[in-house]
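Close look at the chain arrangement
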Amino acid sequence: MRRVVVVGLDGFEPSIVEPLLLDGALPNLARLRARGGYARLATTQPAQTPVAWSTFAVGTNPGGHGIFDFVRRDPATYLPDLGLSRYERKNAFLPPRAVSLRRGTPLWELLSKAGIASSIIRCPCTFPPDPVRGTMLSGMGVPDLRGGLGTSTVYTTRADEETRESEKVVTVRPAGGVIATHVIGPRNPSTGADLVCPITVRLQPAQRRVAIEADGGAARLEVAEGQWSGWLRVRFPAGLLQSVRGLVRFYLTRVEPDLLLYASPVNFDPDAPLFPISAPPDFARTLARELGPFYTTGMVEDHNGLNNGRLTDDAYLRQCEEVLDERKRMMFRELERLDRGFLFCLFDTPDRVQHMFWREAGGGPGTGGLSRVIGDHYQRCDRLVGEVLERVDEDTLLIVLSDHGMKSFRRGVHLNTWLHGQGLLALRGGVGPGDGAGDLLKAVDWDRTRAYAVGLSGIYLNLKGREARGIVEPGEAPRLARAIAEGLAALGDPAHGTRPVRRVLTRAEAYAGPYAAESPDLLVNFADGYRVSWGTAHRAVPAGLIGANTRRWSRAPLIDPELVPGVLVSSRPIRTEHPRLVDLAPTILAALGVPRGDAMEGEALLG
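Attention here is on the structure that accompanies the text.

As for the sheet that holds strand 20 (residues 278-279)
- Strands sit in the order 2-31-22-1-21-7-8-20 across an open sheet of eight strands; the sheet is mixed. The two strands at the open ends of the sheet, each matched to only one other strand, are strand 2 (37-41) and strand 20.
- By the bridge criterion, four bridges tie strand 7 (residues 118-121) to strand 21 (residues 341-347) in an arrangement that is parallel. Within strand 21, the position partnered with S119 by the bridge is L343.
- Lying over the sheet, helix 9 (residues 373-389) contacts strand 1 (3-9), strand 21 and strand 22 (396-401), oriented at roughly 170 degrees with respect to strand 1.

Written as structure tokens, this is what we have:
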């Protein structure tokens with residue numbers, strides 16, 4: 001085989017794909033299936049995007065690469081931190097550097113050692129980028145310019161506008177139709193204060209639009225009501241003769257009677273990123289100059305803007321379409337240049353569209369209005385596959401796969417509240433579950449707490465010698481873990497007469513490998529319709545045990561992985577009925593004539 005091309009469709013769900021295939025609505029995937037094969041693809045524990053794609057890359061269970069969740073906890077402080085990468089700064093005289101928390105040997109490193117080129121476009125957990133023979137553009141894990149997963153800004157003339165999740169609100173006062181304000185940028189590493197870039201907003205109410213200027217007018221754009229702007233390049237002064245550059249887009253909700261202007265999270269400028277986001281380092285600059293500016297953050301689609309009511313359905317969907325087209329241009333550019341080797345490109349938008357429109361679609365693709373959104377997007381992805389098929393020959397292995405599927409998220413379980421009710425998590429000063437307990441586990445009395453939940457599926461024991469104020473003796477840990485697992489498995493939801501939890505796995509049951517000890521002690525696998533609550537995700541202790549999910553984000557993979565397999569479609573026959581995501585790295589290596597890595601657990605899938 002001369003080339004292997006892998007198209008990743010994040011969150012593509014078999015129970016949607018298969019009926020659409022049967023109805024002839026996905027003709028290009030059907031054509032690819034006819035050439036080779038189709039199967040449901042076993043995912044990872046847990047079924048999360050960064051976890052699953054890391055397993056795809058490294059060919060091991062998460063214990064072999066160290067990615068277990070979007071977030072992790074610091075056992076010294078109990079505070080949450082990003083689970084994909086971190087920043088290190090040895091002393092005040094040296095700049096910080098980004099360090100990936102994904103370990104193990106990815107398949108493209110083995111290909112590089114064999115002299116075979118790879119082009120990796122937006123694979124999660126590749127920030128900072130791996131050294132590679134070829135090119136790489138980092139994916140999920142790249143923060144916004146503030147260092148988080150995405151903080152937007154809302155500009156308004158209303159004095160009473162409340163701040164919503166993951167956003168900043170800036171109240172502005174026009175003077176003669178002109179507003180002097182600023183874009184909020186990164187924090188000053190020395191003082192902790194926000195760096196800002198001054199901007200000018202000129203109101204044009206008769207035309208129902210605004211003009212936005214930065215850098216003394218050198219950068220300027222206009223945006224009309226109900227439209228997205230192009231990219232505005234912004235600079236944040238950071239010291240003598242130094243500045244940090246970024247890119248931001250705007251969506252104008254209205255000019256009158258009160259201004260409401262939404263600004264996306266500030267992205268790294270690919271022409272001059274704050275930290276490296278590509279390999280070689282100038283690859284991002286090359287893409288930007290050939291294809292135009294592009295999103296660099298790991299979570300591209302502004303789902304919080306839609307959740308918060310700052311974006312309309314149409315605005316969000318248009319952004320998703322633009323992101324898909326942007327990614328497609330990158331993939332085809334690289335495909336034209338790759339004579340031999342491996343090409344991977346991830347398209348995140350199927351995942352994001354389903355998250356945000358499942359409830360509006362009435363629980364499925366359906367027909368008519370918003371109910372067609374998901375089915376239409378699947379067909380758009382199918383057309384993408386058709387364009388790839390036109391560009392590959394018989395000496396190219398083409399694989400289309402998803403990292404996991406998705407199911408409805410109707411009810412959320414407050415894990416920390418359940419632990420409190422079992423006497424395993426204690427709160428200080430007579431505080432009970434509810435708003436008074438705050439978030440980030442601030443009200444927890446660690447000297448009386450034996451277990452606590454962090455992230456989207458994990459429970460940790462407050463283990464003596466590991467946690468800063470641990471009280472659980474190591475010899476007692478197995479018995480306590482079993483008791484928690486049995487208790488959660490017996491939990492009922494009286495409002496629905498169902499059991500929210502299918503099973504709870506211990507670390508030893510879920511993982512093996514050099515990094516398994518970094519994982520949660522227990523993994524909670526939920527039943528269809530249930531998930532860890534938003535309160536648990538925010539490290540809170542809400543009132544009640546189970547609550548309805550009222551957010552737009554109404555579809556998720558975070559249940560028992562057995563219930564959310566991905567899909568695998570290949571231009572060559574698949575020799576097993578039960579392929580696993582862990583099998584993909586050995587399969588790609590074998591197709592290119594390179595031996596599998598010593599640590600890889602999977603098997604080559606093609607005969």
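There is more to say after this.
Re helix 2 (residues 27-35)
- Taken together, the buried positions of helix 2 are occupied by N28, L29 and L32. Seen from one end, helix 2 has its buried residues packed into an arc of 100 degrees, which puts them on one side.

Examining the nonpolar core
- Counting 88 residues, the largest nonpolar core has I212, F250 and L261 as its most contacted members.
- If you look at the next biggest cluster of nonpolar residues, it comprises 46 residues, including A437, Y452, L488 and L491.

Focus: the sheet that holds strand 26 (residues 501-506)
- As summarised here, the arrangement of the four strands in space is 24-25-27-26, forming an open sheet in which the pairing is antiparallel. What marks the edges here is a single partner per strand, and that holds for strand 24 (451-454) and strand 26. The average undirected angle you get between the axes of adjacent strands in this sheet is 25 degrees.
- Sheet analysis places strand 26 next to strand 27 (residues 522-526), joined by five bridges and oriented antiparallel. Counterpart to T506 in the pairing with strand 27 is L522.
- Contacts between helix 11 (residues 477-489) and the sheet are confined to strand 24, strand 25 (458-461), strand 26 and strand 27, with strand 25 contributing the most and set at about 145 degrees to the helix.

Let's talk about the pattern of salt bridges
- Scanning all chains against the criterion turns up 62 salt bridges.
- A salt bridge links R73 to E467; the nearest nitrogen and oxygen atoms lie 2.9 Å apart. Taken together, the positions of R73 in strand 3 (residues 71-73) and E467 in the loop between strand 25 and helix 11 put the pair 394 residues apart, joining distant regions of the chain. Here R73 matches E467 in class, with each residue buried.
- The partner of D583 in a salt bridge is R580, and the shortest N-O contact between them spans 2.8 Å.
- For D583, a relative accessible area of 4% gives the class buried.

So, the environment of A218
- Here A218 lies in the loop between strand 13 (209-214) and strand 14 (219-224).
- With relative accessibility at 66%, the residue A218 sits in the exposed group.
- Spatially, the C-alpha atom of A218 lies 32 Å from that of T135, the residues being 83 residues apart in sequence.

A few points about unusual backbone geometry
- Omega for the bond connecting Q45 with P46 falls within 30 degrees of zero, at -5 degrees, which places this linkage in the cis form.
- Checked against the element boundaries, P46 lands in the loop between strand 2 and helix 3 (49-58).
- Even without being glycine, L440 reaches a positive phi, approximately 55 degrees.
- Checked against the element boundaries, L440 lands in the loop between helix 10 (415-421) and strand 24.

Criteria and cut-off values
- Residues numbered from 1 in each chain as written.
- Predicted model: local features only at pLDDT ≥ 70, side-chain atom pairs only at ≥ 80, totals over all residues.
- Heavy atoms only, no water.
- Pairing = 2+ DSSP bridges.
- Helix = DSSP H or I, 4+ residues; strand = E, 2+ residues; numbered from the N terminus.
- Contact = heavy atoms within 4.5 Å.
- Axes fitted to C-alpha atoms, helices over the stretch in contact; angles between N-to-C directions.
- Buried < 20%, exposed > 50% of the residue type's maximum accessible area, 1.4 Å probe, protein only.
- Arc of directions from axis to C-beta.
- Core = buried A, V, L, I, M, F, W, Y, C linked by side-chain atoms within 4.5 Å.
- Salt bridge = Lys/Arg side-chain N within 4 Å of Asp/Glu carboxyl O.

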